[in-house]
Amino acid sequence: MAFEALTQKLNDIFKMLKGKGKLTEADVKQAMREVKLALLEADVNFKVVKELIQRISERAVGQEVMESLTPGQQVIKIVNDELVRLMGSKEAKLNFSPGGITVIMLVGLQGSGKTTTAGKLGKLLSKSGKKPLLVAADIYRPAAIKQLQVIGEKLDIPVFTMGQQDPVNIAMASVEYANRHNNDVIIIDTAGRLHIDEELMDELSRIKQAVNPSEILLVVDSMTGQDAVNVAEEFNKRLALTGLILTKLDGDTRGGAALSVKAVTGCPIKFVGMGEKLENLEPFYPERMASRILGMGDVLTLIEKASQTFDLKKAQELEQKLKTQSFDLNDFLEQLSQVKKIGSLDQILSMIPGFSQQKLKGLELNEKELVHVEAIINSMTPEERKNPSIINGSRRKRIAAGSGTSIQDVNRLLKQYEQTRKMIKQMTDMEKSRKRGKQRFPFFGF
Amino acid sequence: MGFFDKLKQGLSKTRNNFTDRIENLLKFTKRVDEETLEELEEVLISADVGINVTQKLMDSLRERVKTSRIRSSEDLKTALKDEIKGLFPQKKMSLQPPSVLLVVGVNGVGKTTSIGKLAHIFKNQGYKVIMAAGDTFRAAAAEQLEIWGQRSGVDVIRHQEGSDPASVLFDAIQAGKSRRTDIIICDTAGRLHTKKNLMEELRKLYRVCQKEYPDAQLLSLMVLDATTGQNALAQARIFKDAVDISGIVLTKLDGTAKGGIAIAIAQELNLPVWFIGVGEGIDDLQEFNSDEFVDAIL
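Cut-off values and rules
- Residues numbered from 1 in each chain as written.
- Chains lettered and ligands numbered in written order.
- Predicted model: local features only at pLDDT ≥ 70, side-chain atom pairs only at ≥ 80, totals over all residues.
- Heavy atoms only, no water.
- Helix = DSSP H or I, 4+ residues; strand = E, 2+ residues; numbered from the N terminus.
- Contact = heavy atoms within 4.5 Å.
- Axes fitted to C-alpha atoms, helices over the stretch in contact; angles between N-to-C directions.
- Parallel < 35°, antiparallel > 145°, perpendicular 65-115°, else oblique.
- Left-handed = near helix turned anticlockwise from the far one by under 90°.
- Nonpolar A, V, L, I, M, F, W, Y, C, P; charged D, E, K, R; others polar.
- Phe/Tyr/Trp six-rings, centres within 6.5 Å; stacked < 30°, edge-to-face > 60°.
- Buried < 20%, exposed > 50% of the residue type's maximum accessible area, 1.4 Å probe, protein only.
- Buried area = accessible area lost by both parts, 1.4 Å probe.
- Salt bridge = Lys/Arg side-chain N within 4 Å of Asp/Glu carboxyl O.
- Pairing = 2+ DSSP bridges.
- pLDDT = per-residue confidence, 0-100.

Draft legend 1. A look at the overall build of chain A. A tally of helices and strands in chain A yields 20 helices and eight strands. Here the contacts in chain A between residues at least 6 apart in sequence split such that 74% fall between residues at least 24 apart.

Draft legend 2. Inspection of the packing of helix α4 (residues 51–67) of chain B against helix α5 (residues 73–85) of chain B at higher detail. Residues and elements named next belong to chain B. Running from amino to carboxyl end, α4 crosses α5 at an angle of 135°, the nearest separation of the two axes being 10 Å. Classified by the interaxial angle, the pair formed by α4 and α5 is oblique. For the crossing formed where α4 meets α5, the hand is right-handed. Taken together, the residues of α5 that come into contact with α4 (itself represented by L57, S60, L61, R64 and V65) are L76, A79, L80, D82, E83 and I84. The class makeup of the residues in the contact of α4 with α5 is seven nonpolar, one polar and three charged.

Draft legend 3. Looking closely at the packing of aromatic side chains. Residue and element names in this part refer to chain A. With the rule as written, the count across this model stands at three aromatic pairs over all chains. Considering the side-chain rings of F160 and Y177, the 5.1 Å spacing of their centres and the 55° angle between planes classify their relative orientation as tilted. Here Y177 lies in helix α7 (residues 167–181) and F160 lies in strand β3 (residues 159–160), a separation of 17 residues in the sequence. Take F160: its relative accessible area is 8%, and that puts it in the buried class.

Draft legend 4. Just the interface of chain B and chain A, in detail. Taken together, the 47 residues of chain B in the interface contact 39 residues of chain A. Taken over both partners, the interface formed by chain B and chain A buries close to 3600 Å², and the fraction arising from carbon and sulfur atoms is 56%. Applying the counting rule to chain B against chain A returns four salt bridges. Note that K195 of chain B and D250 of chain A form a salt bridge whose closest N and O atoms lie 2.7 Å from each other. When residues of the side of chain B that touches chain A are traced back to their parent elements, those giving at least two are α2 (12–28), α3 (34–46), α4, α7 (141–152), α9 (196–212) and α10 (231–243) of chain B. Split into classes, the residues belonging to the side of chain B that touches chain A amount to 13 nonpolar, 17 polar and 17 charged.

Draft legend 5. Spatial organisation of the sheet that holds strand β8 (residues 281–283) of chain A. All names here are of chain A. Here we have eight strands laid out as an open sheet, ordered β3-β2-β4-β1-β5-β6-β7-β8, and mixed in their pairing. Pairing within the sheet leaves two strands with one partner each, and these edge strands are β3 and β8. Alignment of strand β5 (residues 215–221) against strand β6 (residues 243–247), held across five bridges, turns out to be parallel. Bridging across to β6, L218 finds its partner in L244. Helix-sheet contacts for helix α5 (residues 114–127) involve β1 (102–107), β2 (132–137), β4 (185–190), β5, β6, β7 (269–273) and β8, and the interaxial angle to β4 is about 170°.

Draft legend 6. Just the confidence of the model for chain B, in detail. Counting all residues, the mean pLDDT for chain B is 86, and 88% of those residues have values of 70 or more. For this predicted complex, the interface score ipTM comes out at 0.83, while the overall pTM is 0.75.

Draft legend 7. Representation of the pattern of salt bridges in the model. Residue and element names in this part refer to chain A. All told, the structure shown has 30 salt bridges over all chains when counted by the stated rule. One salt bridge in this structure joins E384 and R398, with 2.9 Å as the shortest N-O distance. Here R398 lies in helix α19 (residues 393–403) and E384 lies in helix α18 (residues 382–386), a separation of 14 residues in the sequence. Given the relative accessible area of 0%, E384 is considered buried.

Draft legend 8. Fine view of unusual backbone geometry. Residues and elements named next belong to chain B. Cis peptide bonds are those with omega within 30 degrees of zero, and the linkage from P97 to P98 qualifies with 0°. Counting through the fold element by element, P98 comes out in the loop between α5 and β1 (99–104). With a phi angle near 65°, D48 is a residue other than glycine that sits in the positive phi range. Checked against the element boundaries, D48 lands in the loop between α3 and α4. The buried category is assigned to D48, whose relative accessible area is 2%. Here the phi dihedral of R180 falls at roughly 55°; this positive angle occurs in a residue that is not glycine. Position of R180 relative to the elements: it lies in the loop between α8 (165–178) and β4 (183–186).

What follows is the structure, encoded as C-alpha cells:
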C-alpha cells in the first residue's frame, strides 16, 4: 500500500539495516533517504526534515558503533534521540500566575478545536482543584458562544459571555468577573482566524495587552500538513506563544505537524487532544510520541490506560487467585472484559512494540472472536468453569452447540486458557523470586 | 468580475506563496537542469501534493524534458501545468432534483459553514432548499446551522441535541417530500475516519437516505480542510468507502495552505473537487474548475 504508516516504513528500513555488521556511509545515505521520505509522508515540514536528516546522518556516520548494539539499532537510537530532542525532552506543565488570577488564552486557525479544548482544559483544571472560568470571546462564528455555554453547563464550569461585543472588552470584563466570583483561572476561547488576517491578528495582540495572560496556547490540528510551520511561525511572532496543544491525535494521522510546530516555535507541546469526550485531554510525552513514530510502541500509555481502567479490587482478587493458582475460566472471562474496557483490540495492540500496522490487518475478526469466547464460557456449567479439566468430549460437544460455535473453537479456547495459566504461573514465580526489580520492556522490539 | 478573476483573487494568497517560489525559481534559472527539477520537486512537496504524486509528476516531467527538449523555464512551467491538469477527473456536479446531499468530513473542516454557503448558492440558482441539522453531537451545531438558514432564508429541520441523527434525516426527507423541495442538504457530525462506530453511523445515515427517498439523487460531499496534510488521503479513502463520496468541497483556501492535497486526491482516488471555500462570507464558496485552479496556482 502506498500509505503505510511511518512506523511500518521505518521498520522496513531498519530491518534492512539490522543484521549488518558495519554501517558504511552509503548504507546510512540510503536509509536516510527512506527516513526522509517517510517523515515527509508523515507531514513533517520539509525544512525540518532536512535539518533533522543532516544531524542524524552526521551522528550516524561519525559515531563509533557500540559493541553491544548492532549498527542498525544504533541508527534507530539516533533517530529516536533526535525526534525526542526536537519535540522537547520532557513533559511541560502549565504556568500559573503566582498570585491572583491565571489567564490562559487559546488561539488558532478555524476548526482546530479551540472551543472543545477550552472545555477539556477547564475540566482538567477543576479536577486539580482550580476554579476555572470559561470566557466566550469568539464573537464571529455563528453559535460559538452557545457552544461554549453548553460545554460549560455539561462540566458545571461557569461561562462568561458578553454577546457580540469587542473581544478585548470581553476579556477585560471577564477578569473583573473572576475577581468577584473567586475564579482563579480564566480560559479565553478566541475566534479561529487565519494567521495572515491583519485585523484579527491585531485583535489578539490587543487582548494579550489588556489581560496579560500567563499562557498563550496555540491549538493545532495534528492532521495539518506543510503549512503548519507558517501558521505557528506567524502566531508566535505576533503573540510570543508559551505553548502548543495538539488536537485530533486520536485519528491515524502521523502527526508530523507536532515536529514541525515545535521546531519553528520552540514552544513546548503541553497537551494533546485524544478524543471527543471532554475527558480526553492528555499531557504530551515527547518520548512516547517518538517511540510511537519509530514503531517501538507506546507501552507507557498502555500501562497508564490499563491502570486507569482495571478495577483495583478485582485486580487484587485476581492477584490472590493467581498466587493460590486457582485462576479459572470465570477469571479468564473477567480478564477479557477488563481488557476490552481499555479499548478496542487494535488500539491496544498498536501500542505494543512489534505490532505493526500490517500485522494488524484483519484484526477486526478477532474482535468478534472475543464475543465467541464469551459465548463459549457462558455455555459452560459453573462446575466446568471452575475446573476446566473435567471438560471431556461430550461436554465439548454440548458447549459448542450451546454457544453456536464449533468443537474446534472450544478446543482452541481451552488451549488459550491453559497457555494463559502457564504464563501467569511463570510471572508469579518470577515475583516470588523477587526478580521483578525493574521490568524492562524490549526497547527495540521489532 | 469574471469567474476567473474571482478565483484568482481568492487564491491569491495561496498563489503568492506557491507561485512566487516557482516563478522565482524559474526566473533565475534559465536553463533547465537537474537542480531546477529537484527544487521544483521541493515546491510541490511543500504544497502538500505528497511524495507519491510529486514523484509521479516529476518522472513524467523529466521524461518530457528529454523527449520534447524543454529548455526554457517557461516551457517547463507549462509542461508541469499540463501534467497536473491531466490528473483531475472531469466529473462535473450535475444536480437532478430532487436531490439529497449528505455532507460529511472530519471535525473542524467547515461542514456547517460550507452547507450554509451551499444553501445560499442553490437558492440563488432558483432551487427550493432545506437543510437538515444532522450534527446532533457537537454543542450548538444546530443553532449554528439555523443562523446560516436565517442569512439565506432557508428552512432548517432540527431536533434536540443528542438525538438520533437518522431521525433528523428521516424528518427532513419527509418534510422535503411534502414541501416539494428540490435539494435537501444534510449536515452530519464531524468524525474521524478511524472511529469505526461513527463511520457505521454514517453508513446508516446513507442507507436512510437511500431507503426513504429512493427517487431522489443522492450525493455525498466530503468537506476537506486545505491545510490538511497527507492524512486527507486516508480520510477520503475511508469516507468514500462508507458513503460513496461523489465530490469534494475544499475549504480554507484563503490562508497560506496551498491545497496541493486536492491534486493528490484527484490522482489517487479519482475524486473531483466541486467547490472551494475562500473566505468566511456567505459568497465565499466558489465552483471549482481544475484548469483555472491550476492556472491560478502555477
